[in-house]
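Topology and contacts: notes
Chain by chain, the residues run as shown.
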Amino acid sequence: MNDANLNSINGADEQTSKTPRVVIVGGGFGGLAAAKALGKAPVEVILIDRTNHHVFQPLLYQVATSVLAPSQMSSPIREVLRRHKNTTVLMGEVTGVDKAQRCVFVNDADREHVAVPYDYLILATGARHSYFGHNEFEKFAPGLKSLADAVGIRNKILSAFEQAEAEEDVDLHRDLLTFVLVGAGPTGVEMAAALAIFVRTSLRSEFRRIDPTSARIVLIDAARNVLGTFAPSLSDAAELHLQKLGVEIHLGHAVEKIDSEGVIVAGERIASKTVIWTAGVTPSPAGKWLGAETDRAGRVRIQPDLRVSNHPEIFVVGDTASLDQDGKPLAGVAQVAMQQGRYAGKLIRRQLAGKKAPKPFRYFDKGNMAVVGKGYAVLESGKIRLHGLLAWLAWAFIHITFLSQLSLKISVFLQWGWLFLTGQRGSRLIVNYHASEPIPTTPLTAIANDHEPRSASAATVSRT
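**Comments concerning the overall build of the chain**
- In terms of regular secondary structure, the chain is built from 14 helices and 27 strands.
- For the chain, the residues scored as buried account for 48% of the 464 residues in total.
- Here the analysis covers contacts within the chain between residues at least 6 apart in sequence; of these, 62% occur between residues at least 24 apart.

**So, the confidence of the model for the chain**
- When pLDDT is averaged along the chain, the result is 88, and 89% of the positions lie at 70 or above.
- Here residues 12–16 is a poorly scored stretch, pLDDT under 50, and it has 4 contacts once near neighbours within four places are set aside; other chains count.

**Considerations on the pairing of strand β7 (residues 103–107)**
- Here β7 lies mainly inside the structure; 4 of its 5 residues are buried.
- Two strands pair when backbone bridges link them, and strand β6 (residues 93–98) and β7 are joined in this way by 5 bridges, in the antiparallel orientation. For Val 94, the partnering residue across the bridge sits in β7 and is Val 106.
- Between β6 and β7, which pair antiparallel one after the other, the connecting turn spans 4 residues, and Arg 102 there sits at a positive phi close to 55°.
- Here 4 bridges tie β7 to strand β8 (residues 114–117), and the two strands are oriented antiparallel to one another. The residue bridging Val 106 from the neighbouring strand is Val 114, located in β8.
- The turn joining β7 and β8, which pair antiparallel and follow one another in sequence, is formed by 6 residues; a positive phi near 60° is taken by His 113.

**Some remarks on the sheet that holds strand β27 (residues 384–388)**
- Taking strand neighbours across the sheet as the criterion, the 3 strands line up as β25-β26-β27 in an open arrangement whose pairing is antiparallel. The two strands at the open ends of the sheet, each matched to only one other strand, are β25 (368–371) and β27. Across the sheet, the mean angle from the axis of one strand to that of its neighbour is 5°, orientation sign disregarded.
- Of the strand pairs in this sheet, β25 and strand β26 (residues 377–381) are connected by 4 bridges, and their pairing is antiparallel. Looking across to β26, one finds that Asn 368 is bridged to Glu 380.
- Set on the sheet, helix α8 (residues 232–244) makes contact with β26 and β27; between it and β27 the angle comes to about 5°.

**So, the sheet that holds β6**
- Spatially, the 3 strands line up as an open sheet ordered β6-β7-β8, and their pairing is antiparallel. Unpaired on one side and paired on the other, β6 and β8 mark the two borders of the sheet. Neighbour-to-neighbour, the strand axes of the sheet open up by a mean angle of 30°, direction not taken into account.

**Overview of unusual backbone geometry**
- With phi around 55°, Arg 102 is a residue other than glycine that occupies positive phi space.
- Following the sequence through the fold, Arg 102 ends up in the loop between β6 and β7.
- Accessibility expressed as a relative area gives 36% for Arg 102, which makes it partly exposed.
- The phi angle at Ala 266 is positive, at roughly 55°, despite the residue not being glycine.
- Along the chain, Ala 266 turns up in the loop between β15 (262–265) and β16 (268–271).
- Under the relative-accessibility criterion, Ala 266 is labelled partly exposed at 45%.

**Here we look at α8**
- With 13 residues, α8 extends 18 Å between its outermost C-alpha atoms, agreeing within 8% with the 18 Å of an ideal straight helix rising 1.5 Å per residue.
- The elements touched by buried residues of α8 are α7 (186–202), β12 (216–221), β13 (247–251), β26 and β27.
- Of the residues one or two after α8, Gly 246 is the one with positive phi, at around 95°.

**Some words on the packing of aromatic side chains**
- With the rule as written, the count across this model stands at 9 aromatic pairs.
- Between Tyr 131 and Trp 277 the ring centres are 4.7 Å apart and the planes differ by 35°, which places this aromatic pair in the tilted class. Of this pair, Tyr 131 sits in the loop between β10 (127–129) and α5 (147–166) while Trp 277 sits in strand β17 (residues 274–277); the two residues are 146 residues apart in sequence, bridging distant segments of the chain. Residues Tyr 131 and Trp 277 agree in their burial class; the two are buried.
- With a centroid separation of 6.3 Å and 50° between ring planes, the pair formed by Phe 132 and Trp 277 is classed as tilted. Taken together, the residues span a long stretch of sequence, with Phe 132 in the loop between β10 and α5 and Trp 277 in strand β17 at a distance of 145 residues.
- On the accessibility criterion, Trp 277 (5% relative accessible area) is buried.
- Among the aromatic side chains, those forming a connected cluster through ring pairs are Tyr 131, Phe 132, Phe 137 and Trp 277.

**Some thoughts on the packing of helix α11 (residues 389–401) against helix α12 (residues 406–422)**
- Where α11 contacts α12, the axes come no closer than 9 Å and their chain directions differ by 150°. In terms of orientation, α11 and α12 fall into the roughly antiparallel class. Between α11, through Trp 392, Trp 395, Ala 396, His 399, Ile 400 and Thr 401, and α12, the contact on the second element is made entirely by Lys 409, Val 412, Phe 413, Trp 416 and Phe 420.
- Here the residues of the contact of α11 with α12 sort into 8 nonpolar, 2 polar and 1 charged.

**Examining the nonpolar core**
- Met 73, Ile 157, Phe 161, Met 191, Leu 242, Trp 395 and Trp 416 are the most contacted members of the largest nonpolar core, which has 74 residues in total.
- Take this core: its biggest share by element is 10 residues, from α7.
- Not counting chain neighbours up to four residues away, the residues in contact with Trp 395 comprise Leu 59, Tyr 61, Gln 62, Glu 190, Met 369, Val 371, Ala 377 and Trp 416.
- Residues Leu 81, Tyr 120, Val 308 and Leu 347 belong to the second largest nonpolar core, which totals 51 residues.

**Some points on α7**
- A rise of 1.5 Å per residue sets the reference length of α7, with its 17 residues, at 24 Å; its end C-alpha atoms lie 23 Å apart and thus fit the reference within 8%.
- Counting buried residues in α7 gives 13 out of 17 residues, a clear majority hidden from the surface.

Criteria and cut-off values
Residues numbered from 1 in each chain as written. Predicted model: local features only at pLDDT ≥ 70, side-chain atom pairs only at ≥ 80, totals over all residues. Heavy atoms only, no water. Helix = DSSP H or I, 4+ residues; strand = E, 2+ residues; numbered from the N terminus. Buried < 20%, exposed > 50% of the residue type's maximum accessible area, 1.4 Å probe, protein only. Contact = heavy atoms within 4.5 Å. pLDDT = per-residue confidence, 0-100. Pairing = 2+ DSSP bridges. Axes fitted to C-alpha atoms, helices over the stretch in contact; angles between N-to-C directions. Expected span 1.5 Å × (residues − 1). Phe/Tyr/Trp six-rings, centres within 6.5 Å; stacked < 30°, edge-to-face > 60°. Parallel < 35°, antiparallel > 145°, perpendicular 65-115°, else oblique. Nonpolar A, V, L, I, M, F, W, Y, C, P; charged D, E, K, R; others polar. Core = buried A, V, L, I, M, F, W, Y, C linked by side-chain atoms within 4.5 Å.

Pasting the structure below:
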């Protein structure tokens, strides 16, 4: 962020325009939906996100299991909003909100605590994985909420097979090839199924010293059922299909300990070098920023029009918000965030146009679905309950439809078709992102010890 942009954004120069400014924090489903809804509105929109890309989170597990490459389910936010001439995208981290001064505070690469003023504020800051008070688990059991998380887990899974192939001690193979997933919700079920198919199809013929099909995949949850939010018949169908894929399921007991040697559940140790956290989530600290009422999970309690009490200029949407409908809190899913983001944008447009405010927000539930391996999914929408190939086709169609760009829709459709027919996956590279190690300084005589040592001046000239 250069000085000119910063001065313009933080209001250091007196603004000649009276155009209202809408600041959107978060480039996820809710934030992007709000920005698109304001694309033709007479406002200045500033969207702030910690990264420069939007991630289609429901498909993160497919990056982690090498079905898709990271670029196939993420898009640069600037590209998604390139046609919105009233929108500026900033990469930075919001650290607080001053309700009295109507500004947010942003840290970027070279500045901290930069005040960015707003007339309207939409907080769509999402959530991250929760370890339910056991944050020490995070070191040994990474979660799956970002693109970096997915690539890190992919590295961890692929590295386990590479280490087992090179390991001379056969007794260690089982520990290396045991994969434990903690949490049997949609993410855990989808991840377990995808991993089971991965090791039993794509990898089975590529190693010589180990048998990838001997890999052990363990799914653990304190609940009594997998996919607990689904109808019991669908939960049972999903559990049966997981078992057919070879997934071990341990239900009814919470994980007691996670360390470098594996997990302990119900007093029993399951030795594993790869533990993945697919359990609950916790919201962003937006409630603390606002000093607003929150629910037990820390989500901001909002009014039916998505505003914060006593602050009609502040909206909270998506995973950060807590709103009851028909006596039950709305789930933290993408469809809720998208519908809330569109509603917030529509309300601001109508208010600026002097029109009557829309009716209170009401979520239209299109149903729940989860894929449980190749050609099999469970789907629940109203009284419709499906499992099997038809549900999988519906799942595939809906997910492709909601990808943010046409190029991604085509790419993912072709990749899924190729995988379905051949079993060949997308990116299976182990890529560790770190700075290159410095080249060691070695005396020239050691490099070319069969020649006469050169003078210092000659050496200096030869290096330039």
